[in-house]
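Geometric and topological summary
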Amino acid sequence: MQPQLNSHLSNPWMIGSVAVRNRVVLAPMSGVTDLPFRRLAHRFGAGLVVTEMIASRELVGDSGDSRRRMAQEDGVVHVVQLAGRDASWMAEAARIAEGEGADVIDINMGCPAKKVIGGYSGSALMRDPDHALSLVDATIAAVSLPVTVKMRLGWDENSINAPEIAARAEDAGAAMITVHGRTREQFYEGRADWNAIRAVRDAISVPLVANGDVATEADCHAIRVASGADAVMVGRAAQGQPWLPGALAGSGLGPSCAAEIVDVVIEHYEAMLAHYGTELGLRCARKHLGWYLGLHCTDVPAEMRAIVMGSRDPKAVIAALSQLFLNCENLAKPSAYGEAA
């Protein structure tokens with residue numbers, strides 16, 4: 001860690017009345033930031049963790065999947081991210097989340113996925129600021145919790161309206177704004193424009209979180225300088241290394257050797273089987289196992305990869321992981337956390 005550059009990230013801060021222990025946030029990622037992943041990231045020192053995006057209408061309809069996405073860990077600030085296009089559904093979903101123990105409600109105006117914008121949710125809301133603000137108003141009116149908003153720069157390069165929407169959201173009572181430095185049309189292509197987030201900083205006084213391509217200590221410094229943000233958000237770089245947000249905040253809690261890394265991988269795998277049940281858990285865990293192998297092991301024999309990625313026998317998978325990691329040549333070292341992702 002570079003204390004002269006990033007000591008600020010270890011400082012506590014507030015989202016409304018909610019205290020946050022440091023300024024590195026794990027981004028909400030659909031299919032990734034479930035309870036097992038959030039539990040690990042928090043334990044390794046992430047300042048804040050956010051649920052996967054939860055469709056408001058499905059939560060109101062008591063969908064089992066939505067309830068599972070909203071599962072929380074005792075003693076952890078519980079941020080529930082909601083998505084939707086209907087103000088009444090968003091308000092009712094927020095009330096349900098508050099009743100189930102949420103500490104903060106985050107409104108998704110940033111997801112670029114076709115199935116989300118096809119339903120006029122996520123970043124599609126930025127095409128109609130008046131409608132987007134009606135959702136903010138309804139959600140804030142429905143709960144006594146801080147309500148935050150995550151957005152992109154705009155729909156495309158010809159409609160950069162994040163500063164306008166952020167300012168209006170603050171006026172409506174939003175307690176924090178997060179901005180991913182891309183438009184929806186960019187999806188995840190190219191590099192995030194950290195400088196463009198500065199216009200949002202200039203438009204609001206509530207805390208600002210900057211997001212997009214944050215993977216290293218140098219990134220944390222550069223995005224804060226460029227954007228003026230109060231905190232940073234780490235997304236895809238944390239896949240396969242749930243300790244990364246905490247490491248960037250200076251926690252020093254991440255694994256330091258092969259045995260510790262494989263312990264984390266196996267703990268994560270077993271937690272996913274317990275969380276989803278064996279059948280679904282086996283499928284959901286594969287992408288995580290692939291990320292762990294891709295980041296931390298080289299030259300994995302095809303037969304061993306087949307066991308890890310395809311076996312339906314958890315004991316066989318765990319045995320293969322143990323063997324692979326104890327023979328890996330490319331392992332994360334404490335000094336390398338955040339240096340590559």
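Keep in mind the model is a prediction, meaning the values are calculated, not measured. (Residues numbered from 1 in each chain as written. Predicted model: local features only at pLDDT ≥ 70, side-chain atom pairs only at ≥ 80, totals over all residues. Heavy atoms only, no water.)

1. Examining the pattern of salt bridges
Counting across every chain of the model gives 17 salt bridges. Arg43 is the salt-bridge partner of Glu267, the closest N and O atoms lying 2.6 Å from each other. With Glu267 in helix α12 (residues 258-276) and Arg43 in helix α2 (residues 35-43), the pair connects residues that are 224 residues apart, well separated along the chain. Note that Arg201 is salt-bridged to Asp230, the shortest N-O span being 2.6 Å. Remark: Asp230 occurs in the loop between α10 (217-227) and β11 (231-234) and Arg201 occurs in helix α9 (residues 198-203); sequence separation between them is 29 residues. Judged by its relative accessible area of 23%, Asp230 falls in the partly exposed class. A network of salt bridges, in which partner residues are shared, links Glu52, Asp65, Arg68 and Arg69. (Salt bridge = Lys/Arg side-chain N within 4 Å of Asp/Glu carboxyl O. Helix = DSSP H or I, 4+ residues; strand = E, 2+ residues; numbered from the N terminus. Buried < 20%, exposed > 50% of the residue type's maximum accessible area, 1.4 Å probe, protein only.)

2. What to know about the sheet that holds strand β9 (residues 176-180)
The strand order across the open sheet formed by nine strands is β4-β3-β11-β10-β9-β8-β7-β6-β5, and the pairing between neighbours is parallel. Strands with a single pairing partner mark the edges of an open sheet, and in this sheet they are β4 (48-49) and β5 (54-55). Sheet topology places strand β6 (residues 79-83) next to strand β7 (residues 104-109); four bridges connect them, and they run parallel. Counterpart to Val80 in the pairing with β7 is Ile105. Across the sheet, α10 is in contact with β10 (208-211) and β11; its angle to β10 comes to roughly 125 degrees. (Pairing = 2+ DSSP bridges. Contact = heavy atoms within 4.5 Å. Axes fitted to C-alpha atoms, helices over the stretch in contact; angles between N-to-C directions.)

3. Digging into the confidence of the model for the protein
Low-confidence regions, as indicated by low pLDDT, have predicted coordinates that should not be scrutinised in detail. The share of residues in the protein with pLDDT of 70 or more is 94%, and the mean pLDDT across the chain is 92. Below a pLDDT of 50 lies the segment residues 332-341, which in the model reaches 23 contacts outside its immediate sequence neighbourhood of four places, other chains included. (pLDDT = per-residue confidence, 0-100.)

4. Re the packing of helix α14 (residues 302-310) against helix α15 (residues 314-325)
Where α14 contacts α15, the axes come no closer than 8 Å and their chain directions differ by 135 degrees. The orientation of α14 relative to α15 falls into the category oblique. Judged by the sense of rotation from one axis to the other, the crossing of α14 with α15 is left-handed. Along its contact with α14, which presents Met304, Ile307 and Val308, the element α15 presents Ala316, Val317, Ala320, Leu321, Gln323 and Leu324. Residue composition of the contact of α14 with α15, by class: eight nonpolar, one polar and no charged. (Parallel < 35°, antiparallel > 145°, perpendicular 65-115°, else oblique. Left-handed = near helix turned anticlockwise from the far one by under 90°. Nonpolar A, V, L, I, M, F, W, Y, C, P; charged D, E, K, R; others polar.)

5. Some thoughts on the nonpolar core
Core analysis: the largest hydrophobic core is formed by 82 residues, its most contacted members being Leu82, Ile105, Met109, Val149, Met151 and Ile177. The contact partners of Val149, leaving out residues within four places of it in the chain, are Asp106, Ile107, Met109, Val136, Ala169, Ala174, Met176, Ile177 and Thr178. Formed by 28 residues, the second largest nonpolar core is a distinct cluster that contains Ile266, Cys284, Leu293 and Leu324. (Core = buried A, V, L, I, M, F, W, Y, C linked by side-chain atoms within 4.5 Å.)

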